[in-house]
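Single-letter residue listing:
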Amino acid sequence: MTAADPISTPPRGPLRQNLLIGVLSVLAGAVVIPYGASMPYIREGIPGPGLFPMMIGGLLILFGVLLPLSTWIGARREGRRRHRAGAGGGAAAPGDGDGSEAFALPGAAVQDADGDTPVEALETAGVMDTDVGSDGPRRWINGAILLVGILAYVLLAPVLGFPITMALLVIAIVRSLRASWLAAVLTGVLASLGLWGLFEQVLLVQLPDGLIRGF
Amino acid sequence: MIQDVESALLLVADPTTILVVVLSAVFGLVIGALPGMTATLAAALLVPFTFFLDPVPAIAAIITMSAMAIFAGDIPSALLRIPGTPSSAAYTEDAFALTRNGKGTIGLGISLVASVLGGLFGSVLLIFVSPILGEFALRFTSYEYFWVAVLGLTAAVIVSKGSQLKGGIALMAGLLVSTVGLDVTLGHPRFTFGQEQLYRGVDFIAAMIGLFGLSEVLRAVTARRGDSMPIPKMEGRGTIRPTLRGIWRNRARVGSGSVIGGVVGALPGAGADIAAWIAYAVTRSTSRVRPGRGRSEKEAADDQRIEAISGASSANNAGIASAYVPTLAFGIPGDTITAILIGVLLVKGITPGPDLFLYQTDTLYSLYIIFIVANLLLLPLGFLLIRVSGMVLRIPRSILMGLIVAISICGAFAINNGYLEIGLMVLFGVMGYLFEKGGIPLAPVVLGIVLGPIVERNFMQSVIKTNWDLTQFFTRPISAVLIVLVVLAIASVPLMGWLGRRAERAVSRQGAEGRTPAGA
């Protein structure tokens, strides 16, 4: 939603994204339908187990075709409308594609009415640590640390036992988000011991023992 | 009846239940207050623990947590201009503007009392409406259940914000997941890839933890470097009196907001955030607060904001309670949190639906009592949270993410003491991450997984019973009513879109116009 240039062209970003989603959806449908058809029939001509997967596959294909199509039509209509309105600046399209769980502030209009105290004049008390993100390849390394870490946990927990493996995993994740070593180690050790106590002692779930069997 | 209430009171007064209520209240307040952490995420993280509790404390945990989290979401709205949960997004600008004008605590106080009143209204609605619908549902056969489930699925797609087609794709993904395992007609394995462990289907809890827990962590670790946000200082003393005065002045707004929240929340698939948006739009567009008569423009603007917050904040908490109406009466979830609750209840051998009103009345009454208790408890705990909000917001993100991963892994493992569930959780975590990147909503996925088996079982039962006489689906009287509802739901798409656009326009107009409506 950046300020668009006056002679606007339909935005490419959402179109390309929705095209990709549409293609993937059609592909999924195309795989599911033959798989459903290959399942046994209740009797001649009456599908049983395969009926629902086939219906779902059909709808996946339908929605997958309609999604890029409707985005394209919408973009064209918007383009024409804006063209008619002349150089009216970038009217922000009502947020397409924010799921009910993901949320963005609509319009993000800063409301500086005459009477309002400016943000800068606010007295502050501390800072919120939202700054766990990183730049460049570091982001993907962090993602890999998380996923490979969980895989390593699955492989190592039966050998090393829950407390040690979980502590290592948590330390790796917290540290990858640029926390200090002290914070990372403290979190890792306390979290793994706390969960171990809670699940093994209170909820009576047998967590992997590994090395520490018998303690 | 009185006996049932008595035994329900005993169930709720159990020390375990009380402890669970207090702990989940604190958990809900903290998670809700942290920007980006939704009430659904909190519910997904709670599930592994509720797994080991008796049904009543398990239900108590989820209800208390969600009532707390929805209010707590208003805290970062007021302090940082970031909604803590999607339900607070409608009035974030207003809450933050009040903070800038030194009325932050009053705004939050109003929002707290409005939440409590809205929540209590929603609970009363639940207590009186769900038995009526439950009695109606006693006459349901597989045809009607099929249509009710279809209604839930339709609603899930319709209310997906943004693109309904993406909602449709998300729903299909959820339905597809629900077909994994042995099928209902012939016991034929589907999508099991030769894995016998998958015969019983994809575990719902593992899927939830992945979709909402792990995907949030994935998003955080791959996020771009953000700015650190200064937290404004708020004076916590002496807020109670102006808060109560403000609530009294806006009592009609709280009333109308509660009614809107109660009605919208009870629609299957809708939920608290949509209720808040609609109540916000209605309150704003019918506002009569004008400058003049001893009220300066700035004061009028702040009064309008307080008015809007009273309406929308009562609506989202009313919606939380009334989302349980279709859940209890039909076993059809009203939103993602009730979908998770249905998953938990099924594991515990309780089938939500009309049977609950016949055979498990003590569980039912305890649920009602918990709603009332949770909303009353919100009042003191909420004021406490407003006082310590600065501290809660300073909890470091890095540590939180580590904790979420640890709880997720333990929770997934505890389901079956096996690693398959951890694998499924990772798979769903990646799926949730990719879906959010592509702007595909997650709520329909959840409803698809929960409702898929209900739709399929009732459809197959019906057609096998009548030897594929499909006319039965349309000719039975109750079915016909339900079909009309489905058609109405689909027809309401333009209306919902219009209401949503209106609400969003109201928000942006506020800024553009300043606050000089009819001042001249």
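Given the structure is predicted, the values throughout are model-derived calculations rather than measurements.

Asks: Break down the overall build of chain B for me, citing the residues and quoting the values.
Replies: From N to C terminus, chain B includes 24 helices and three strands. By the burial criterion, 64% of the 520 residues in chain B qualify as buried. Excluding contacts between residues fewer than 6 apart, the proportion of contacts in chain B whose partners are at least 24 apart in sequence is 78%. Accessible area for chain B stands at about 18400 Å²; split by element, carbon and sulfur atoms hold 64% of it.

Asks: Explain the overall build of chain A to me, using residue names and the numbers behind them.
Replies: Each helix and strand in chain A was counted, giving five helices and three strands. When the elements of chain A are put in sequence order from the N terminus, they spell out α-β-β-α-β-α-α-α. Out of the 215 residues belonging to chain A, those deemed buried represent 38%. Counted over contacts in chain A with a minimum sequence separation of 6, partners at least 24 positions apart contribute 60%. When the accessible surface of chain A is split by element, carbon and sulfur atoms take 68% of a total near 11800 Å².

Asks: I'd like a description of the packing of aromatic side chains, backed by residues and values.
Replies: Per the stated rule, a full pass over the model turns up 18 aromatic pairs over all chains. With 5.5 Å between their ring centres and 45 degrees between their planes, F199(A) and F49(B) make a pair best called tilted. In this pair, F199(A) sits in helix α5 (residues 181-202) while F49(B) sits in helix α3 (residues 39-50), so the two residues belong to two different chains. An identical accessibility class is assigned to F199(A) and F49(B); each is buried. When its relative accessible area of 0% is taken as the criterion, F199(A) is described as buried.

Asks: Before we move on, could you go through the packing of α5(A) against helix α19 (residues 397-416) of chain B and cite the residues and values that matter?
Replies: Packing of α5(A) against α19(B) brings their axes to within 10 Å, and their N-to-C directions diverge by 25 degrees. As far as their axial angle goes, α19(B) and α5(A) are roughly parallel. Crossing of α5(A) against α19(B): the hand is right-handed. Each of A183(A), T187(A), A191(A), L195(A) and F199(A) in α5(A) lies in contact with α19(B), whose residues at this interface are I399(B), L403(B), A406(B), I407(B), C410(B), G411(B) and A414(B). A class-by-class count of the residues in the contact of α5(A) with α19(B) yields 10 nonpolar, two polar and no charged.

Asks: A description of helix α4 (residues 55-72) of chain B should follow, citing residues and the corresponding values.
Replies: Across its 18 residues, α4(B) extends 26 Å between first and last C-alpha, which sits within 8% of the 26 Å expected from 1.5 Å per residue. When you tally the buried positions in α4(B), you get 17 out of 18 residues, the bulk of the element.

Asks: Describe the pattern of salt bridges, listing the residues and the values that go with them.
Replies: As a working rule, side chains carrying opposite charge can pair if their charged atoms are close by. Scanning all chains against the criterion turns up 13 salt bridges over all chains. In this structure, E78(A) and R81(A) form a salt bridge, with 3.2 Å as the shortest nitrogen-oxygen distance. Within this pair, E78(A) and its partner R81(A) are both found in helix α2 (residues 51-85), separated by three residues, close to a single helical turn. A salt bridge links D302(B) to K103(B); its shortest N-O distance comes to 3.0 Å. Within this pair, whereas D302(B) is found in helix α14 (residues 297-322), its partner K103(B) is found in the loop between α6 (92-100) and α7 (104-137), the two being separated by 199 residues in sequence. Classification of D302(B) by relative accessible area gives buried; the value is 1%. Taking the relative accessible area as the measure of exposure, K103(B) reaches 24% and is therefore partly exposed.

Asks: Summarise the environment of V373(B); cite the residues concerned and give the values.
Replies: Residue and element names in this part refer to chain B. Positionally, V373 belongs in helix α18 (residues 361-393). Here V373 falls in the partly exposed class, since its relative accessible area comes to 35%. Through-space distance from the C-alpha of V373 to that of T64 is 8.4 Å; in sequence the pair is 309 residues apart.

Asks: Explain unusual backbone geometry residue by residue, including any values.
Replies: Residues and elements named next belong to chain A. Not every positive phi belongs to a glycine, and R178 is a case in point at roughly 65 degrees. With respect to the helices and strands, R178 occurs in the loop between α4 (162-176) and α5. Using a relative accessible area of 38% as the deciding quantity, one classes R178 as partly exposed.

Asks: Give a detailed account of the packing of α3(B) against helix α10 (residues 204-221) of chain B, specifying residues and quantitative values.
Replies: How two helices pack is summed up by the angle between their axes together with the distance between the axes. Residue and element names in this part refer to chain B. Their axes nearest at 9 Å, the elements α3 and α10 cross at an angle of 130 degrees. Between α3 and α10, the interaxial angle falls into the category oblique. In this structure, α3 meets α10 at a crossing whose hand is left-handed. Together, T40, L41, A44, V47 and P48 of α3 and I205, M208, I209, F212, G213 and E216 of α10 make up the contact between the two elements. Of the residues in the contact of α3 with α10, the class split is eight nonpolar, two polar and one charged.

Asks: Break down a positive patch on the surface for me, with residues and values.
Replies: A cluster of like positive charges, contributed by R76(A), R77(A), R80(A) and R84(A), occupies part of the molecular surface. By the secondary structure assignment, R76(A) is in helix α2.

Asks: So what's going on with the confidence of the model for chain B? Which residues, and what values?
Replies: Residue and element names in this part refer to chain B. Across chain B, pLDDT averages 84, with 92% of residues at or above 70. Averaged over each element, pLDDT in chain B is lowest for helix α24 (residues 493-513) (63) and highest for helix α20 (residues 420-437) (93). Counting interchain partners and residues more than four positions distant, the pLDDT-below-50 stretch residues 514-520 has 15 contacts.

Asks: Describe the confidence of the model for chain A, and please don't skip the residues or the numbers.
Replies: As a note on interpretation, predicted positions should not be read in detail where pLDDT is low. Residues and elements named next belong to chain A. Overall, the prediction assigns chain A a mean pLDDT of 77, with 71% of residues at 70 or greater. Mean pLDDT values over the elements of chain A span from 65, in strand β3 (residues 124-128), up to 93, in α4. pLDDT under 50 marks residues 1-10. Its contacts with residues more than four places away, or in other chains, come to 10 contacts. Across residues 88-114 the pLDDT falls below 50, and counting only partners more than four positions away or on other chains, this stretch makes 65 contacts in the model.

Asks: I'd like to hear about a nonpolar patch on the surface, residue by residue, with values.
Replies: A cluster of nonpolar side chains, contributed by L59(A), L62(A), L66(A), L69(A), W72(A) and I73(A), occupies part of the molecular surface with about 520 Å² of accessible area. One can find I73(A) in helix α2.

Asks: Lay out the environment of L59(A) in plain terms, naming residues and giving numbers.
Replies: Note that L59(A) resides in helix α2. Its relative accessible area of 33% is what places L59(A) among the partly exposed residues.

Asks: Describe the side chain of S24(B), and please don't skip the residues or the numbers.
Replies: Residue and element names in this part refer to chain B. Relative to the helices and strands, S24 resides in helix α2 (residues 15-33). S24 gets classed as buried once you look at its relative accessible area, which sits at 3%. A polar side-chain atom of S24 sits 3.3 Å from the main-chain carbonyl oxygen of V21. What S24 contacts, discounting residues up to four positions off in sequence, is L46, A60, A61, T64 and M65.

Definitions and limits used
- Residues numbered from 1 in each chain as written.
- Chains lettered and ligands numbered in written order.
- Predicted model: local features only at pLDDT ≥ 70, side-chain atom pairs only at ≥ 80, totals over all residues.
- Heavy atoms only, no water.
- Helix = DSSP H or I, 4+ residues; strand = E, 2+ residues; numbered from the N terminus.
- Buried < 20%, exposed > 50% of the residue type's maximum accessible area, 1.4 Å probe, protein only.
- Contact = heavy atoms within 4.5 Å.
- Areas by Shrake-Rupley, 256 points an atom, 1.4 Å probe, with all protein chains shown as cover.
- Phe/Tyr/Trp six-rings, centres within 6.5 Å; stacked < 30°, edge-to-face > 60°.
- Axes fitted to C-alpha atoms, helices over the stretch in contact; angles between N-to-C directions.
- Parallel < 35°, antiparallel > 145°, perpendicular 65-115°, else oblique.
- Left-handed = near helix turned anticlockwise from the far one by under 90°.
- Nonpolar A, V, L, I, M, F, W, Y, C, P; charged D, E, K, R; others polar.
- Expected span 1.5 Å × (residues − 1).
- Salt bridge = Lys/Arg side-chain N within 4 Å of Asp/Glu carboxyl O.
- Patch = residues over 30% accessible without salt bridge, like charges linked within 9 Å, V, L, I, M, F, W, Y side chains within 5 Å.
- Lys, Arg positive; Asp, Glu negative; His and termini not counted.
- Charge placed at Lys NZ, Arg CZ, Asp CG, Glu CD.
- pLDDT = per-residue confidence, 0-100.
- Polar contact = N/O pair within 3.5 Å; in protein donor to acceptor, adjacent residues only side chain to side chain.

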